[in-house]
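# Examining the three-dimensional arrangement
Chain by chain, the residues run as shown.
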Amino acid sequence: MVKTNLNKKEVNKMKKTLLLIMVLMFVSAVSFADQVKVTVELQGKIDFNPNGLDQCITFELLAEGHDPVEVSVNIHFGGIFSPEIGVGIITVPNRNYHCIAARNKLHTLRQVDDSFYWDEISGQYVANFTGENQLIGGNLNDDDVIDLKDYDIFQALMSTLYDSDGDGVVDGNTPCGVFTEHADITGNGRVDLADFSFLQINFGKTSETGCRVEPDRVAEGDDGHSWSSSPCVIATACYETPMAEEVKTLSAFRDEHLLTNGAGRTFVKFYYQHGPKIADYISDKEVIKAVVRKSLRPLVWVADKTTQ
Ligand SMILES: [Ca+2]
Ligand SMILES: [Ca+2]
Ligand SMILES: [Ca+2]
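All of these numbers come straight from a predicted model, not from anything done at the bench. (Residues numbered from 1 in each chain as written. Chains lettered and ligands numbered in written order. Predicted model: local features only at pLDDT ≥ 70, side-chain atom pairs only at ≥ 80, totals over all residues.)

Summing up its helical and strand segments, the protein has 8 helices and 8 strands in all. Looking at the 308 residues of the protein, the share that counts as buried comes to 30%. Within the protein, contacts between residues at least 6 apart in sequence are counted, and of these 65% link residues at least 24 apart. (Helix = DSSP H or I, 4+ residues; strand = E, 2+ residues; numbered from the N terminus. Buried ≥ 20, exposed ≤ 12 C-beta atoms within 10 Å, placed from the backbone. Contact = placed C-beta atoms within 7 Å.)

Of the residues making up helix H3 (residues 193-202), those classed as buried are Asp195, Phe198, Leu199 and Asn202. Taken end-on, H3 shows its buried residues confined to a sector of 95°, consistent with a single buried face. Along H3, the residues that are exposed and aim more than 90 degrees away from the buried face are Leu193 and Gln200. Following H3 by one or two positions, Gly204 has its phi on the positive side, about 90°. (Arc of directions from axis to C-beta.)

It is worth spelling out the nonpolar core at this point. By size, the foremost hydrophobic cluster in this structure holds 34 residues, and its most contacted members are Val38, Val40, Phe59, Ile100, Ala102 and Leu135. For this core, the secondary-structure elements that each account for two or more residues are strand S1 (33-41), strand S2 (53-63), strand S3 (69-77), strand S5 (97-103), strand S8 (124-129) and H3. The element best represented in this core is S2, accounting for 5 residues. (Core = buried A, V, L, I, M, F, W, Y, C linked by C-beta atoms within 7 Å.)

One can find Thr160 in the loop between helix H2 (148-157) and H3. As for Thr160 and Val191, which are separated by 31 residues in sequence, their C-alpha atoms are 5.3 Å apart. If sequence neighbours within four positions are ignored, Thr160 has contacts with Ala183 and Val191.

This part covers unusual backbone geometry. The residue Asp142 is not glycine, and still its phi comes out positive at about 55°. Tracing the chain through its elements places Asp142 in the loop between S8 and H2. Judged by the 18 C-beta atoms lying within 10 Å of it, Asp142 is partly exposed. Positioned with a positive phi, Ser159 is a non-glycine residue whose angle comes to about 75°. With respect to the helices and strands, Ser159 occurs in the loop between H2 and H3.

With that settled, the discussion passes to the packing of H2 against H3. Remark: H2 packs on H3, axes separated minimally by 10 Å, with the N-to-C direction vectors making an angle of 175°. It follows that H2 is roughly antiparallel to H3 by the angle criterion. Listed contacts from H3 to Asp150, Tyr151 and Phe154 of H2 are Asp195, Phe196 and Leu199. Taken together, the residues that form the contact of H2 with H3 break down as 4 nonpolar, no polar and 2 charged. (Axes fitted to C-alpha atoms, helices over the stretch in contact; angles between N-to-C directions. Parallel < 35°, antiparallel > 145°, perpendicular 65-115°, else oblique. Nonpolar A, V, L, I, M, F, W, Y, C, P; charged D, E, K, R; others polar.)

Before going further, it helps to examine the confidence of the model for the protein. The share of residues in the protein with pLDDT of 70 or more is 64%, and the mean pLDDT across the chain is 78. This model gives residues 217-243 a pLDDT under 50, and the stretch forms 31 contacts once residues within four places in sequence are excluded. In this model, residues 275-283 is a region of pLDDT below 50 whose contacts with residues beyond four sequence positions or in other chains number 11 contacts. (pLDDT = per-residue confidence, 0-100.)

Bridge analysis of S2 against S3 gives 9 bridges, and the strand direction is antiparallel. Within S3, the position partnered with Thr58 by the bridge is Ser72. Linking S2 back to S3 in an antiparallel pair, the connection comprises 5 residues, with Gly65 at a positive phi of about 85°. By the bridge criterion, 6 bridges tie S2 to S5 in an arrangement that is antiparallel. From the neighbouring strand, Thr58 faces S5, where its bridge partner is Arg103. (Pairing = 2+ DSSP bridges.)

Turning next to the environment of Ser115. The topology assignment puts Ser115 in the loop between strand S6 (111-113) and strand S7 (117-119). Judged by C-beta crowding, with 11 C-beta atoms within 10 Å, Ser115 ranks as exposed.

Summarising the element assignment, His257 is placed in helix H6 (residues 243-258). Spatially, the C-alpha atom of His257 lies 8.6 Å from that of Thr306, the residues being 49 residues apart in sequence.

Set out below in structure tokens:
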């Protein structure tokens, strides 16, 4: 009898402990972390692979009063009907986010989804990078433009066969942790003219630059972010006009006047060949972006005068 009572006590104790653990897990899940359901479309993933394709996608989220949160996760792309679309769940600190950006550091430009939302029913944020918000392929060096630097990388890697897991079978997987340049944009493991076509089609296209902390705002803060050490002169010069407006103006100009004719396309090529050269000498990524923005200003001025 005594033994049985002890066992009952032990069982009750274990039950209470388990309950406590579950309550703690529930509380921490609800209070300290959020989940974001992300749906990502890779532009024109034309090579269907029966095993699908794994790629590391990097997300940045912004909440008022906080530094951006950056999370990289492996997303699986596959399926017979939509091999270009992948779905994943990312876990982020519990905050009131107002925008999210996504990119594949090895292959695409950066896109912003500022209409993403908190879904009461599923209890998670929902972000959508499909359709017009798909990730544009051809950016091989994780900067903000598809230009001759990407051509150079492509040329150097032309005819390369990749085998990410060393099993002897060529594959286009680029899981998180792969940092070497990788020019297989179509995801079949081979660098060929199909990959080159992305650079051709998207030449001159730029990243969406929203959902980043404004440099001036961070410079005023005390969180030691790299921008706080940047000369305010540069930041002021670069952000005299809100970048979002510049991007809108440039996009309008590009669509209306440049990409509609051969001379315009030649101009775009020339501009991107000579504009950002100075950025080569500066290693800090944020500074490079600032310089590129600055070098875009003459074009912005012309664009502003000629678009509606
Ligand atoms: Ca690039
Ligand atoms: Ca393989
Ligand atoms: Ca390929």
